[in-house]
Amino acid sequence: MAFDDLRVENLGDGQLYFSGKLKSWVPDLDEDDIDAFVLTYRLLTQNNDRLSLARISELYNQDWMPSEATSRFREARTHLNNYLDSAATLEFGTQRIAIRQLVDIVLYGGLAHSNESKAELFCLWVNNLTISGLMWVEFMAAMKEALFVFSYLRRLNETVIEAGA
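One structure accompanies this document, and this report is about it. (Residues numbered from 1 in each chain as written. Predicted model: local features only at pLDDT ≥ 70, side-chain atom pairs only at ≥ 80, totals over all residues. Heavy atoms only, no water.)

### What to know about the side chain of Thr70
Looking at the secondary structure, you find Thr70 in helix H3 (residues 67–85). Its relative accessible area of 11% is what places Thr70 among the buried residues. Here Thr70 is in contact with Tyr60, Asn61 and Met65, once residues within four sequence places are set aside. (Helix = DSSP H or I, 4+ residues; strand = E, 2+ residues; numbered from the N terminus. Buried < 20%, exposed > 50% of the residue type's maximum accessible area, 1.4 Å probe, protein only. Contact = heavy atoms within 4.5 Å.)

### Notes on helix H4 (residues 99–111)
Along H4, the residues classified as buried are Ile99, Leu102, Val103, Ile105, Val106, Leu107, Tyr108, Gly109 and Gly110. Summarising the contacts, the buried residues of H4 are in contact with helix H1 (31–45), H3, strand S3 (87–92), strand S4 (95–98), helix H5 (116–127) and helix H6 (132–163). Following H4 by one or two positions, His113 adopts a phi angle in the positive range, close to 50°.

### A look at the pairing of S4
Along any regular strand the residues' side chains alternate between the sheet's two faces. Of the pairings in the sheet, the one linking S3 to S4 comprises three bridges and is antiparallel in character. Directly across from Phe92, in S4, lies its bridge partner Gln95. Linkage of S3 to S4, two consecutive antiparallel strands, is achieved through a turn of two residues, within which Gly93 is found at a positive phi near 70°. (Pairing = 2+ DSSP bridges.)

### A look at the packing of aromatic side chains
A full pass over the atoms with the stated rule returns five aromatic pairs. Both rings, one in Phe37 and one in Phe150, keep their centres 6.2 Å apart while their planes meet at 35°; by these two values the pair is tilted. Placement of Phe37 in helix H1 and of Phe150 in helix H6 is noted, with a sequence separation of 113 residues between them. Here the two residues Phe37 and Phe150 agree in accessibility, since each one is buried. When the ring of Trp136 is compared with that of Phe139, the centres are 5.8 Å apart and the planes differ by 90°; the resulting orientation is edge-to-face. Of this pair, Trp136 and Phe139 both sit in helix H6, three residues apart, which is roughly one turn of the helix. The class of Phe139 is buried, set by a relative accessible area of 0%. (Phe/Tyr/Trp six-rings, centres within 6.5 Å; stacked < 30°, edge-to-face > 60°.)

### Some remarks on the packing of H4 against H5
The packing of two helices is summarised by the inter-axis angle and the distance between the axes. For the pair H4 and H5, interaxial distance at closest approach is 8 Å and the crossing angle is 105°. In terms of axis orientation, H4 runs roughly perpendicular to H5. Side by side, H4 and H5 meet where Leu102, Asp104, Ile105, Val106, Tyr108, Gly109 and Gly110 of the first sit next to Lys118, Ala119, Leu121, Phe122 and Trp125 of the second. Looking at the contact of H4 with H5 residue by residue, the classes come out as eight nonpolar, two polar and two charged. (Axes fitted to C-alpha atoms, helices over the stretch in contact; angles between N-to-C directions. Parallel < 35°, antiparallel > 145°, perpendicular 65-115°, else oblique. Nonpolar A, V, L, I, M, F, W, Y, C, P; charged D, E, K, R; others polar.)

And the structure:
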């Protein structure tokens, strides 16, 4: 991350106001890597998809599923939801948004271009050189957290399958 013409104003109570240009990048990732992960994220988080975590939870709630597996699945899903529902580190004016909202706007307003109102908001964020880089940092942190949970659930699924549940 690099700053150009950075100006910082201390607002007190741990709040800082940044102005200037911020540049950020993610080394060793290209657009195809990001697109592939975003598609996986969408599959697992859109409740209407047959591969979504909501649909998979129906399997983990079956009577034949070991209770330990059900508990572990529920804990991982709750962890991800709690993380996504927590406040983002960015504040837009006086409004704080949840990480889930930021991810939703980046996904459906920017990367997938499937929602017009979210696309307008995404364009405003991307064109604001002061917050654009921070928005991407917050988004990538959310994707990293999601990847951690998805990897855990993959191992849990493999364990359940190997145990012959």
